[in-house]
Amino acid sequence: MTNYPISTRTELPEEFQTLLKDYPREAWEKHPDMAPFTQNWLEAHAMFRRLGKIIVKDTQRFLDKSRSGEDFAKRIGFYGGQLVDNLTRHHHFEDEQFFPTISSVTPDFDRGLEMLESDHEALTKTMEDFVISGNNAIDLAVQDDAKAIDAAGKVLEKAQALQDFLARHLADEEDLVVPILLHHKMR
Ligand SMILES: [Fe+2]
Ligand SMILES: [Fe+2]
């Protein structure tokens, strides 16, 4: 169990920031050891942020009546599904392959990696809550817009919680992992 649950953090905990000080975020993009793998990994994170924004916005648009229930159901089904499926695969890859590889190169940050693995568990629960609320709202929205309003309010709450957790997790994960990859020239 981590000492740093995601709901209590506002940044990467100080004890994991040793390399970040030498490899600040602003210097990553132009760093000579920035590898295509790392860029793709960061791009996957950017996609999760975009999908998180889309599902929140689509739900708000239905609630403010600028989107029909049918349209809302279609979009939340598609983009919500994309986010949940891709994120699940991404976490699996990190837990099973990526973090063990980092740990084999340097065990110095194992406690930080454990924190991130605990985040994945918390995010799984947050995703499940979103999926349950989303499926319920979709069922109602395809029948009748008015019937789906309360359910969509729930979706908005769950989608926002997911977006907030994800923002914290991705930022802290990048701040921990990218400096390690650059420092050890991992590709
Ligand atoms: Fe992660
Ligand atoms: Fe990640």
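Residues numbered from 1 in each chain as written. Chains lettered and ligands numbered in written order. Predicted model: local features only at pLDDT ≥ 70, side-chain atom pairs only at ≥ 80, totals over all residues. Heavy atoms only, no water.

Draft legend 1. Representation of the environment of Asn3 in the model. In this fold, Asn3 is placed in the segment before helix 1 (18-22). Between the C-alpha atoms of Asn3 and Ala27, which are 24 residues apart in sequence, the distance is 29 Å. (Helix = DSSP H or I, 4+ residues; strand = E, 2+ residues; numbered from the N terminus.)

Draft legend 2. Main features of the coordination of the iron ion (ligand 1). Surrounding the iron ion (ligand 1) are the protein donor atoms Glu94 (OE), His120 (NE2), His169 (NE2) and Glu173 (OE), at 2.1 to 2.2 Å. Sequence positions of the residues that donate to the iron ion (ligand 1) give the spacing E-x25-H-x48-H-x3-E. The metal-metal distance between the iron ion (ligand 1) and the iron ion (ligand 2) is 3.2 Å, with Glu94 serving as a donor to both. Of this pair, Glu94 sits in helix 3 (residues 69-105) while His169 is found in helix 5 (residues 149-183), placing the two residues 75 residues apart along the sequence. Each member of the pair Glu94 and His169 is classed as buried. (Donors = N, O, S within 2.8 Å, 3.2 Å for Na, K, Ca; no water. Buried < 20%, exposed > 50% of the residue type's maximum accessible area, 1.4 Å probe, protein only.)

Draft legend 3. Region of the structure containing the pattern of salt bridges. If you walk through the whole model with that rule in mind, you get 17 salt bridges. Residues Arg187 and Asp33 are paired through a salt bridge, measuring 3.9 Å at the closest nitrogen-oxygen approach. Here Asp33 lies in the loop between helix 1 and helix 2 (36-63) and Arg187 lies in the segment after helix 5, a separation of 154 residues in the sequence. You can call Arg187 exposed: its relative accessible area is 60%. With a shortest N-O distance of 2.8 Å, Arg168 and Asp172 are connected by a salt bridge. Placement of the pair is Arg168 and Asp172 together in helix 5, with a separation of 4 residues, close to one helical turn. One salt-bridge network, in which partners are shared between bridges, spans Arg9, Asp119, Arg168 and Asp172. (Salt bridge = Lys/Arg side-chain N within 4 Å of Asp/Glu carboxyl O.)

Draft legend 4. Representation of the packing of aromatic side chains in the model. Evaluated as defined, the whole model comprises 8 aromatic pairs. Here Phe78 and Tyr79 contribute two aromatic rings whose centre-to-centre distance is 5.0 Å and whose plane-to-plane angle is 80°, an arrangement assigned as edge-to-face. Given the relative accessible area of 48%, Phe78 is considered partly exposed. On the accessibility criterion, Tyr79 (22% relative accessible area) is partly exposed. (Phe/Tyr/Trp six-rings, centres within 6.5 Å; stacked < 30°, edge-to-face > 60°.)

Read these as spatial facts, not as claims about activity.
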